[in-house]
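# Notes for the structure review
Letter by letter, the chains look like this.
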Amino acid sequence: MRSGGTTLVAALLRLGLCGLVMAGCAGTVNTPKDPGPAEIVERWTSCAEVAPQAGVVMPVPPGSDGPAAPTPAGVEPEIGRIDPAFVPVAAVLCGREVRPRAGGGREEVATERRADEIGPLVAALRLSDQGRGRGESACTLEMLVPPWLALLDDKGRWLRPYLPTDSCGKPRPEVRAALDGLRLTTVDARTVGLVESSAAETAGCEQRWSDMVWVETHLGRPGRVAPGTTPKAGPLRLCVYEVPPSERGGGKPAGDFVYGGPLPPERQAKALRALATTRPAADCATPASRFAVLRSLDGGGPEWYVELDACRRFVVVASPGGTHLGQGDAALAGLLGPS
């Protein structure tokens with residue numbers, strides 16, 4: 001019976017990073033040049049040391065550039081063909097996945113998995129690339145992301161093997177099948193980050209979110225909130241985030257979840273009246289340390305982003321009405337405080 005890691009390999013190979021799969025898009029595809037022999041490293045240590053960045057899956061908050069990938073201990077060896085003098089006896093796959101946390105929420109786990117029965121994989125890796133025939137090749141546009149793979153020999157040496165490609169420049173079907181067929185044993189699994197806390201899960205909020213008031217006032221061109229108007233909204237959810245000092249004043253500051261949940265009807269009514277302000281936003285360049293996000297419980301309709309300190313401005317995004325900027329105050333911030 002295959003371990004749970006096999007399913008992960010198949011999922012990684014079929015992952016479309018942009019969420020876009022377009023089949024049958026005809027066109028010529030430039031396949032990568034077949035490399036020379038792979039660089040052989042004398043001693044395998046662990047995924048944690050040689051490939052800490054492999055398979056990073058932490059979610060990227062809206063408007064954010066995302067978390068920085070960890071830096072490997074050294075420069076990774078050159079990927080290439082398996083030298084005939086190198087006899088692989090095991091394969092190691094380094095990756096990351098999201099798992100439920102004890103007590104609620106989700107966490108990111110770095111994994112190291114090993115397979116010792118690798119004959120079909122080695123045979124597939126020794127295949128040549130499938131060049132294009134004459135004319136055009138019908139290729140899909142999804143991005144196939146193979147796992148981080150190393151081969152080890154009986155001396156403990158290792159290398160990064162080249163994955164032979166098909167006519168579209170993607171791993172050959174034989175390689176995909178061999179990876180999918182590996183019997184994997186988990187060698188190490190380490191929690192490396194929080195994806196979603198139990199509090200955020202209970203509140204129905206994302207763990208991280210970007211301060212779109214700051215983003216819009218520095219990168220966008222929001223209009224002015226019309227006097228006395230506010231978009232119609234059903235029941236709203238409140239999510240409040242705190243921006244770490246290192247993020248404040250950056251191009252796309254991201255905050256961490258603090259508190260939130262469905263906004264009580266009376267507080268919602270008062271908050272919406274306050275958001276129907278006629279005042280233009282103040283000319284202010286002080287970054288907020290906390291901000292609130294108001295969104296419909298059903299996920300549709302307008303969104304409000306409110307600075308809870310500093311300038312206390314707000315942005316309302318009401319498609320197709322565009323993005324509009326207004327000026328809040330301490331009273332509005334109080335309505336969006338902890339219940």
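Rules behind the numbers
Residues numbered from 1 in each chain as written. Predicted model: local features only at pLDDT ≥ 70, side-chain atom pairs only at ≥ 80, totals over all residues. Heavy atoms only, no water. Helix = DSSP H or I, 4+ residues; strand = E, 2+ residues; numbered from the N terminus. Polar contact = N/O pair within 3.5 Å; in protein donor to acceptor, adjacent residues only side chain to side chain. Disulfide = S-S within 2.5 Å. Buried < 20%, exposed > 50% of the residue type's maximum accessible area, 1.4 Å probe, protein only. Phe/Tyr/Trp six-rings, centres within 6.5 Å; stacked < 30°, edge-to-face > 60°. Lys NZ or Arg CZ within 6 Å of the ring centre and 35° of its normal. Pairing = 2+ DSSP bridges. Contact = heavy atoms within 4.5 Å. Axes fitted to C-alpha atoms, helices over the stretch in contact; angles between N-to-C directions. Salt bridge = Lys/Arg side-chain N within 4 Å of Asp/Glu carboxyl O.

## Brief notes about the environment of Glu 108
Mapped onto the elements, Glu 108 comes out in strand β3 (residues 106-115). The sequence separation of Glu 108 and Leu 194 amounts to 86 residues, and the corresponding C-alpha distance is 6.1 Å. Separated by 3.5 Å, the side chains of Glu 108 and Arg 96 make a polar contact.

## Some thoughts on the state of the cysteines
Overall, the coordinates contain four disulfides when judged by the stated rule. Residue Cys 205 pairs covalently with Cys 239 via a disulfide, S to S 2.0 Å. Because the torsion about its S-S bond is -85°, the bridge between Cys 205 and Cys 239 counts as left-handed. Here Cys 205, found in the loop between α5 (198-203) and β8 (208-210), pairs with Cys 239, found in strand β10 (residues 236-242); they are 34 residues apart in sequence, far enough to count as distant. Given a relative accessible area of 5%, Cys 239 falls into the buried group. Here Cys 284 is linked by a disulfide to Cys 311, with a sulfur-sulfur distance of 2.0 Å. Taking the torsion about the sulfur-sulfur bond, which here is approximately -70°, the covalent link between Cys 284 and Cys 311 counts as left-handed. Of this pair, Cys 284 sits in the loop between α7 (265-275) and β12 (290-296) while Cys 311 sits in the loop between β13 (303-307) and β14 (313-317), and the two are 27 residues apart along the sequence. Neither residue differs from the other here; Cys 284 and Cys 311 are each classed as buried. In the chain, the cysteines engaged in disulfides, taken in order along the sequence, are linked 1-2, 3-4, 5-6, 7-8.

## Re the packing of aromatic side chains
Overall, the coordinates contain five aromatic pairs when judged by the stated rule. Of the aromatic side chains, those joined through ring pairs into one cluster are Trp 44, Trp 148 and Trp 158. The cationic tip of Arg 160 hangs over the ring face of Trp 148; the distance from NZ or CZ to the ring centre is 4.1 Å.

## Here's the deal with the sheet that holds strand β7 (residues 185-196)
Taking strand neighbours across the sheet as the criterion, the five strands line up as β6-β5-β2-β3-β7 in an open arrangement whose pairing is antiparallel. The open sheet has two free edges, formed respectively by β6 (158-159) and β7, since each of these has just one partner strand.

## Details of the sheet that holds β8
Pairing within the open sheet is mixed, and its eight strands lie in the order β8-β11-β10-β12-β13-β14-β15-β9. At either margin of the open sheet sits one strand with a lone partner, and together these are β8 and β9 (223-224). The sheet contact formed by β10 and β12 spans seven bridges and is antiparallel. What sits directly across from Arg 237, in β12, is Arg 295. The strands that helix α6 (residues 212-219) touches are β8, β13, β14 and β15 (323-327); relative to β14, the one it contacts most, it runs at about 85°.

## A closer look at unusual backbone geometry
The backbone phi angle of Ala 310 is positive, close to 60°, even though this residue is not glycine. Phi angles above zero are rare outside glycine, and Arg 312 is one such case at about 55°. Here Arg 312 lies in the loop between β13 and β14. Take Arg 312: its relative accessible area is 29%, and that puts it in the partly exposed class.

## Things to note about the pattern of salt bridges
In total, this model carries 17 salt bridges according to the counting rule given. Across the pair Arg 113 and Glu 97 runs a salt bridge, and its minimum N-O distance is 3.1 Å. With Arg 113 in strand β3 and Glu 97 in strand β2 (residues 88-100), this pair connects stretches of sequence that are 16 residues apart. In this structure, the salt-bridge partner of Arg 279 is Asp 329, at a minimum N-O distance of 3.7 Å. Residue Arg 279 is located in the loop between α7 and β12, and its partner Asp 329 is located in the loop between β15 and α8 (330-335); the two are separated by 50 residues in the primary sequence.

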